[in-house]
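If you want the building blocks of each chain, they are given just below.
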Amino acid sequence: MSNVSLDLDAEEAAFQAQVAAIEQEWKNPRQAHLKRPYSAESIAALRNTIPITYPSSFQGDKLWNILKTHLANGTCEKTFGTTEPTVVSQMVKHQQTVYVSGALCGLSEVQHPGCDHADYPWDTVPKVVEKIFKAQLFHDQRQHQFRMRHSKEERAKLEKYDFMAPIIADGDMGFGGLTTTVKLAKLFVEAGVAMIHLDDLAIGLKKFTVGEGRTVVPTSEYLSRLTAVRMQFDVMGTNTLLMCRCDTDRSQFITSTIDPRDHEYIIGATKDLDPLVEYIAQGMAEGKPYVQARDEWKSQAGLMTFDQAVKEKATEEEYQQYASKAIAYGVPLKEKRRIAKELVKQDVFFDWELPRSKEGQYMWKPSVKTIVERAILVAPLGDMTWARMDAPVWKDIVEFHTEVRKVYPDRMFAFGFTGMYNYEAAGFSQEQIKSFSNDMAKLGIVWQVQPIWSVAGLNMTAEKFAKEWQRDGIAGYIETISKPSRVPPIIDGFHKLSYAGSYLADAFFAVVAGEKIVP
Ligand SMILES: C[C@](O)(C(=O)O)[C@H](CC(=O)O)C(=O)O
């Protein structure tokens, strides 16, 4: 039974037309850098039968043009994170984009605030994007209506801002599974986002204070996540941008050994000890703190990668022969073992199961090289790349971006100034700190974000006023806030009717009553 006429020819013709349209979309210069592992037919079969368009696609194209212009000019867009629409209304006066930080959402937009575990409900960040995007539309609408109340000559004297700054948002790790990643991508597009970033972290395994902060997932899982987002964007036919973010810098663990492309970096014990978890359990039963027991075991286990273990046992000549055959991208441990057995006289003991954590994670040896390999592998799925770094090590920054651009010369990159950066400890002079953004822009880092300004920035402002308010009462407010905010360039506030939207609200009444609202 069906409630529509079964015109099979029409259905088939519509499907083939959709396939042709998708293939044409993918040939567009805007998408020339993308390569999908799936066909246009697969996407056409997943689309709705009615045409749906999304402002997200328009904002994605706008952002693409902003970033490509910076790339061409060797400059960069500098933005910061927020969850507040009123803050956004001020950001747009000095910058071109807005960032919605997951860490900030986890502190202020959830029922259980806390550290950036990205363990908040998967729809948290998209909802904040929607809140901000709708506020942008409101600011844009009231500014337009206010301007159109004035003659063209008068408008020349009025300030005008582009409130529709593209929103970039934190997609974290896609929240665990492919179905959540697909739903997340869909919700972000429906919310009006211009770009999301997705990373290779494992969900919910961050420990902040014991040196076990980052666990990555296998390369294969990272690929699947990004493919799922690209697929969902294609199903929706949107030009929303996808940023491939790698968090392997300073990661301590990986969740699985399933992908041979990771084997080079997985750490094993070269001493045949009891497993770490047993040693820790025994130590804690004797009253030892967890970290002490863990570090004791680590100091005895001879922890290293298999290649390092071979180097320890082989002669120089044996190792050179081994390296020429076994140290290459994607060589599985099983093959490495076979080559070592063939070439190295001494037995190489190596067991990556012994150091596994209680949660089953494998130990990981981070390096710029592994971030480069992941970034290059996934680049055809995304529009930009971000190697998230825990510290501003200039040598690593140069190495990473230079290596990726050897393969993708026009690749655009992002950089995040995390709150904990200690520039002096990283060897930066004051001059280098000042020129940091411009120096990075020359490497193709066209979008740079201070993600969590709001935590310190707004807190300092709030604490300062709270103190003055108690001390000076309303006189203090007038001196420190009200008067300064009226001095051009004026900071929008409810004191200026135009910015509260009062004229917009009255315009609804006027239009309904048949009155003119333009001069
Ligand atoms: C950018 C980030 O993902 C965020 O949630 O804002 C965080 C910010 C931070 O930890 O400073 C991150 O870089 O992981």
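Residues numbered from 1 in each chain as written. Predicted model: local features only at pLDDT ≥ 70, side-chain atom pairs only at ≥ 80, totals over all residues. Heavy atoms only, no water.

## Examining the overall build of the protein
Helices and strands together make up the secondary structure of the protein, namely 20 helices and 13 strands. Dimensions of the protein, computed from the C-alpha atoms along their principal axes, are close to 95 × 80 × 50 Å. Taken over 519 residues, the protein has a buried fraction of 48%. The long-range fraction of contacts in the protein, counting pairs at least 24 apart against all pairs at least 6 apart in sequence, stands at 76%. When the accessible area of the protein is evaluated, it comes to approximately 25500 Å², of which 59% is carbon and sulfur surface. Counting 61 positive and 67 negative side-chain charges, the protein places the averaged centre of each group 4 Å from the other. (Helix = DSSP H or I, 4+ residues; strand = E, 2+ residues; numbered from the N terminus. Buried < 20%, exposed > 50% of the residue type's maximum accessible area, 1.4 Å probe, protein only. Contact = heavy atoms within 4.5 Å. Areas by Shrake-Rupley, 256 points an atom, 1.4 Å probe, with all protein chains shown as cover. Lys, Arg positive; Asp, Glu negative; His and termini not counted. Charge placed at Lys NZ, Arg CZ, Asp CG, Glu CD.)

## Structural notes on the site of the ligand
What surrounds the ligand is a group of 13 residues, the closest being Ser101, Ala103, Asp170, Arg245 and Arg388. Measuring from an oxygen atom of the ligand, one finds a side-chain N or O atom of arginine 245 at 2.9 Å. Contact with the protein chains removes 95% of the 340 Å² of surface that the ligand exposes when unbound. Residues of the shell around the ligand, tallied by class, amount to five nonpolar, four polar and four charged. (Near = heavy atom within 4 Å. Polar contact = N/O pair within 3.5 Å; in protein donor to acceptor, adjacent residues only side chain to side chain. Nonpolar A, V, L, I, M, F, W, Y, C, P; charged D, E, K, R; others polar.)

## Some details on a negative patch on the surface
On the surface, a cluster of negative charge is made up of Asp7, Asp9, Glu11 and Glu12. Tracing the sequence through the fold places aspartate 9 in helix α1 (residues 8-27). (Patch = residues over 30% accessible without salt bridge, like charges linked within 9 Å, V, L, I, M, F, W, Y side chains within 5 Å. Salt bridge = Lys/Arg side-chain N within 4 Å of Asp/Glu carboxyl O.)

## Re empty space enclosed by the protein
In this structure the tally under the stated criterion is one cavity of 30 Å³ or more. In this model, the largest cavity occupies a volume close to 30 Å³. If you go around the largest cavity, the residues you meet are His117, Ala118, Met173, Leu201, Ala202, Ile203, Gly204 and Lys206. Residues belonging to the lining of the largest cavity are distributed by class as follows: five nonpolar, two polar and one charged. (1 Å grid on protein atoms, 1.4 Å probe; cavity = no way out; pocket = protein on both sides within 12 Å on 5 of 7 lines; lining within 4 Å. Points joined across faces, edges and corners; volume = space filled by probe spheres on them.)

## Some details on the packing of aromatic side chains
Aromatic rings considered in pairs are described by the distance between their centres and by the relative angle of their planes. Applying the stated rule across the entire model yields 24 aromatic pairs. Aromatic pair tyrosine 319 and tyrosine 322: ring centres 6.1 Å apart, planes at 35 degrees, arrangement tilted. Of this pair, tyrosine 319 and tyrosine 322 both sit in helix α13 (residues 316-326), three residues apart, roughly one helical turn. The burial state of tyrosine 319 is the same as that of tyrosine 322; both residues are buried. Measuring from centroid to centroid gives 5.2 Å for phenylalanine 415 and phenylalanine 417, while their planes differ by 75 degrees, and the two rings are edge-to-face. (Phe/Tyr/Trp six-rings, centres within 6.5 Å; stacked < 30°, edge-to-face > 60°.)

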